[in-house]
Amino acid sequence: MFAAPARSKLGPVPCLLGCLALSMPRIVLALIWLFSDYLDTVYQTKLWPLLGFLFLPLTTLAYAFAMHFGAMQWTPIGIAAVVTAVLVDLGLIHTGRSARGRGVKAITVKGERVG
């Protein structure tokens, strides 16, 4: 019959942490880093997760997921997860910068300030 693909010895990331990672990636990354060895098996040094925490937290989590999902090999699902995470991370960074730059603008109607 068909053989199951090789999986990591670690269990899957709990679904709740996966869902929370979309809204609070830095908190989830810190929790995973402190309470498991999920990141240690993917990253050989502590520098990359630390840089990921500062700059691209969702991408750091997605890369760890991709490597665990594919048993340290790239798979189409892993590539899609990392590409999507990069786009979300860069979108969040850009949105924050543009929102700060805009500031609050006054609303005027027929030359009169109303808000």
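Residues numbered from 1 in each chain as written. Predicted model: local features only at pLDDT ≥ 70, side-chain atom pairs only at ≥ 80, totals over all residues. Heavy atoms only, no water.

Of the regular secondary structure elements, the protein holds five helices and two strands. Going residue by residue from the N terminus, the α and β elements of the protein occur as α-α-α-α-α-β-β. Taking all 115 residues of the protein together, 23% fall into the buried category. Of the accessible surface of the protein, which amounts to about 8,500 Å², a share of 70% is contributed by carbon and sulfur atoms. (Helix = DSSP H or I, 4+ residues; strand = E, 2+ residues; numbered from the N terminus. Buried < 20%, exposed > 50% of the residue type's maximum accessible area, 1.4 Å probe, protein only. Areas by Shrake-Rupley, 256 points an atom, 1.4 Å probe, with all protein chains shown as cover.)

This brings us to the environment of Thr-60. Of note, Thr-60 is situated in helix α4 (residues 57-69). Between the alpha carbons of Thr-60 and Pro-49 there is a distance of 6.6 Å; along the sequence they are 11 residues apart. The residues touching Thr-60, leaving out its near neighbours within four places in the chain, are Leu-29, Tyr-43, Pro-49, Gly-52 and Phe-53. (Contact = heavy atoms within 4.5 Å.)

Across soluble globular proteins, nonpolar side chains show a tendency to be buried alongside one another. Formed by 16 residues in total, the largest nonpolar core has its most connected members in Ala-21, Val-28, Ile-32, Leu-39, Val-42, Leu-61 and Ala-64. Listing elements by their share of this core, those giving two or more residues are α2 (25-35), α4 and α5 (76-102). Sequence-distant contacts of Ala-21, defined by excluding residues within four places in its chain, comprise Val-28, Leu-58 and Leu-61. (Core = buried A, V, L, I, M, F, W, Y, C linked by side-chain atoms within 4.5 Å.)

This brings us to the packing of aromatic side chains. Scanning the model with the defined rule gives three aromatic pairs in all. With a centroid separation of 5.5 Å and an interplanar angle of 40°, the aromatic rings of Tyr-43 and Tyr-63 are classed as tilted. One end of the pair, Tyr-43, is in the loop between α2 and α3 (47-54); the other, Tyr-63, is in helix α4, and 20 residues separate them in sequence. On the basis of relative accessibility, which here comes to 11%, the residue Tyr-43 falls in the buried class. Given a relative accessible area of 27%, Tyr-63 falls into the partly exposed group. Between Tyr-63 and Trp-74 the ring centres are 5.7 Å apart and the planes differ by 55°, which places this aromatic pair in the tilted class. Placement of Tyr-63 in helix α4 and of Trp-74 in the loop between α4 and α5 is noted, with a sequence separation of 11 residues between them. Given a relative accessible area of 47%, Trp-74 falls into the partly exposed group. Taken together, the ring pairs connect Tyr-43, Tyr-63 and Trp-74 into an aromatic cluster. (Phe/Tyr/Trp six-rings, centres within 6.5 Å; stacked < 30°, edge-to-face > 60°.)

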